[in-house]
Amino acid sequence: QAQLVESGGGSVQAGGSLRLSCATFGVYDCMGWFRQAPGKEREWVTTIHVGDLPTYAGPVKGRFTFSQDNTKNTLYLQMDSLKPEDTAMYYCAADLWRCSLAYYNYDYWGQGTQVTVSS
């Protein structure tokens, strides 16, 4: 059974916006977003620990916003001022007790949603 389900990806022009959603089906201590472009290692984007504010990777800080709607058990990644270098497969991830920047420490993953930004 899917623990996390991402949606909201698509193709936009540079400067546009997208909002990704991550539906959760469990109780987690940490939630994060990662992305992976072809030929590159999976990259940390943002993480939120229960009870804390989210933290962001430098390349997305000021442009991306990680939020949650507890009534819907859904997390959102609002992406504004998108750049071609943001093009990647975006993954929602979760862990029961660890908040790590390393993708391999997360036990639960969604299937990914593709984001493509054109010049």
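Use the structure listed above.
**Q** I'm lost on the overall build of the protein in this one. Help?
**A** Looking only at helices and strands, one finds 0 helices and 11 strands in the protein. Order of helices (α) and strands (β) in the protein, N terminus to C terminus: β-β-β-β-β-β-β-β-β-β-β. The C-alpha atoms of the protein give 13 Å as radius of gyration, which agrees with the globular expectation for 119 residues (14 Å, within 12%). Considering only C-alpha atoms, the protein reaches an extent of 40 × 30 × 30 Å along its principal axes. The long-range share in the protein, meaning contacts at least 24 apart out of those at least 6 apart in sequence, stands at 56%. As displayed, the protein offers around 6,400 Å² of accessible surface, 50% of which is attributable to carbon and sulfur atoms. Side chains of the protein carry 9 positive and 11 negative charges; the gap between the two charge centres is 6 Å.

**Q** In this structure, what is going on with the pairing of strand E7 (residues 64-69)? I would like to understand it.
**A** Regular strands place side chains that alternate from one sheet face to the opposite one. Sheet topology note: the E7/strand E8 (residues 74-79) ladder contains 6 bridges and is antiparallel. Each residue of the ladder has a partner; that of Phe64, found in E8, is Met79.

**Q** Sorry if this is basic, but what is going on with the nonpolar core here?
**A** The nonpolar side chains of a soluble globular protein tend to be buried with one another. Core analysis: the largest hydrophobic core is formed by 30 residues, its most contacted members being Met31, Trp33, Phe64, Phe66, Leu77, Met79 and Tyr90. Those elements giving two or more residues to this core turn out to be strand E3 (18-24), strand E4 (30-36), strand E5 (43-49), E7, E8, strand E9 (88-95) and strand E11 (113-118). If sequence neighbours within four positions are ignored, Leu77 has contacts with Leu18, Arg19, Leu20, Trp33, Thr46, Phe64, Thr65, Phe66 and Tyr90.

**Q** Any chance you could explain the environment of His49 here in plain terms?
**A** Take His49: it is sitting in strand E5. When the C-alpha atoms of His49 and Asp95 are compared, they prove to be 9.9 Å apart, with 46 residues separating the residues in sequence. Those residues in contact with His49 that lie beyond four places of it in its chain are Asp29 and Cys99. A distance of 2.9 Å separates polar atoms of two side chains, one belonging to His49 and the other to Asp29.

Calculation rules
- Residues numbered from 1 in each chain as written.
- Predicted model: local features only at pLDDT ≥ 70, side-chain atom pairs only at ≥ 80, totals over all residues.
- Heavy atoms only, no water.
- Helix = DSSP H or I, 4+ residues; strand = E, 2+ residues; numbered from the N terminus.
- Rg over C-alpha atoms; globule rule 2.2 N^0.38 Å.
- Contact = heavy atoms within 4.5 Å.
- Areas by Shrake-Rupley, 256 points an atom, 1.4 Å probe, with all protein chains shown as cover.
- Lys, Arg positive; Asp, Glu negative; His and termini not counted.
- Charge placed at Lys NZ, Arg CZ, Asp CG, Glu CD.
- Pairing = 2+ DSSP bridges.
- Core = buried A, V, L, I, M, F, W, Y, C linked by side-chain atoms within 4.5 Å.
- Buried < 20%, exposed > 50% of the residue type's maximum accessible area, 1.4 Å probe, protein only.
- Polar contact = N/O pair within 3.5 Å; in protein donor to acceptor, adjacent residues only side chain to side chain.

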